[in-house]
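# Residue-level structure breakdown
What follows is each chain in one-letter form.
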Amino acid sequence: MERSEVIRRMVLNEISDDYENVDQVILPNVARECANLGIIVERSQVVEALAELVESGLAKAYRLSCIEPAEELRDMPPVDVVEEHFKTYFYISEKGLEVHLSDDASPPFDEDGNSRR
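Structure report, in brief. As the structure is a computational prediction, the values presented were derived from the model and not from experiment.

### Points about the overall build of the chain
A count of helical and extended segments in the chain gives 4 helices and 3 strands. Helices (α) and strands (β) of the chain occur, in sequence order from the N terminus, as α-α-α-β-β-β-α. Every one of the 117 residues in the chain was classed for burial, and the buried ones make up 42%. Carbon together with sulfur atoms contributes 47% to the accessible area of the chain, which is approximately 7,100 Å² in total.

And the structure:
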């Protein structure tokens, strides 16, 4: 499996159970899990993986606010820099969930969803 595919699957795993923000949850968790596999991950690689997931319909981007309803964004939003107020979040799509739960999606995860070493 290529390095970029491992990162993409790790990112998809991170957004599979809740709306997640790049800098607060996705990047730190993906970096930690990838480090367990001996892979160093940069923020730009996580953003690239998210863009690919959104473009392929496996994930959706949202603008979240504590005072307004969640707004689904049509395309990948610009998240090249850390957001000041953390309003952009990502969540797995129905199509992404099917891929995530398929037998082909298991590596680099074990049957409990933990990264394989």
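### A closer look at the pairing of strand β1 (residues 59–63)
Sheet topology places β1 next to strand β3 (residues 88–92); 5 bridges connect them, and they run antiparallel. Of the residues in β3, the one forming a bridge with A61 is F90. Across 3 bridges, β1 lies against strand β2 (residues 71–73) in antiparallel orientation. From the neighbouring strand, A61 faces β2, where its bridge partner is L73.

### Structural notes on the sheet that holds β2
As summarised here, the arrangement of the 3 strands in space is β2-β1-β3, forming an open sheet in which the pairing is antiparallel. Of all strands in the sheet, those with a lone pairing partner are β2 and β3, marking the two edges. On average, each strand axis in the sheet is tilted by 40° relative to the strand beside it, whichever way the strands run. Running over the sheet, helix α3 (residues 43–55) touches β1 and β3 and is turned about 105° from β1.

### A look at the packing of helix α1 (residues 3–14) against α3
Taken N-terminus to C-terminus, the directions of α1 and α3 make an angle of 75°; their axes are 9 Å apart at the nearest point. Here α1 lies roughly perpendicular to α3, going by the angle between them. Of α3, the residues touching α1 (which contributes R3, I7, R8, V11 and L12) are Q45, V46, A49, L50, E52 and L53. Looking at side-chain class alone, the contact of α1 with α3 contains 7 nonpolar, 1 polar and 3 charged residues.

### Regarding the packing of helix α2 (residues 22–36) against α3
As a packed pair, α2 and α3 sit with axes 10 Å apart at the nearest point and diverge in direction by 105°. Viewed along their axes, α2 and α3 adopt a mutual orientation that is roughly perpendicular. Residues V22, D23, I26, L27 and V30 of α2 lie in contact with α3, whose contacting residues are R43, V46, V47 and L50. Residues that form the contact of α2 with α3 fall into these classes: 7 nonpolar, no polar and 2 charged.

Rules used throughout
- Residues numbered from 1 in each chain as written.
- Predicted model: local features only at pLDDT ≥ 70, side-chain atom pairs only at ≥ 80, totals over all residues.
- Heavy atoms only, no water.
- Helix = DSSP H or I, 4+ residues; strand = E, 2+ residues; numbered from the N terminus.
- Buried < 20%, exposed > 50% of the residue type's maximum accessible area, 1.4 Å probe, protein only.
- Areas by Shrake-Rupley, 256 points an atom, 1.4 Å probe, with all protein chains shown as cover.
- Pairing = 2+ DSSP bridges.
- Axes fitted to C-alpha atoms, helices over the stretch in contact; angles between N-to-C directions.
- Contact = heavy atoms within 4.5 Å.
- Parallel < 35°, antiparallel > 145°, perpendicular 65-115°, else oblique.
- Nonpolar A, V, L, I, M, F, W, Y, C, P; charged D, E, K, R; others polar.

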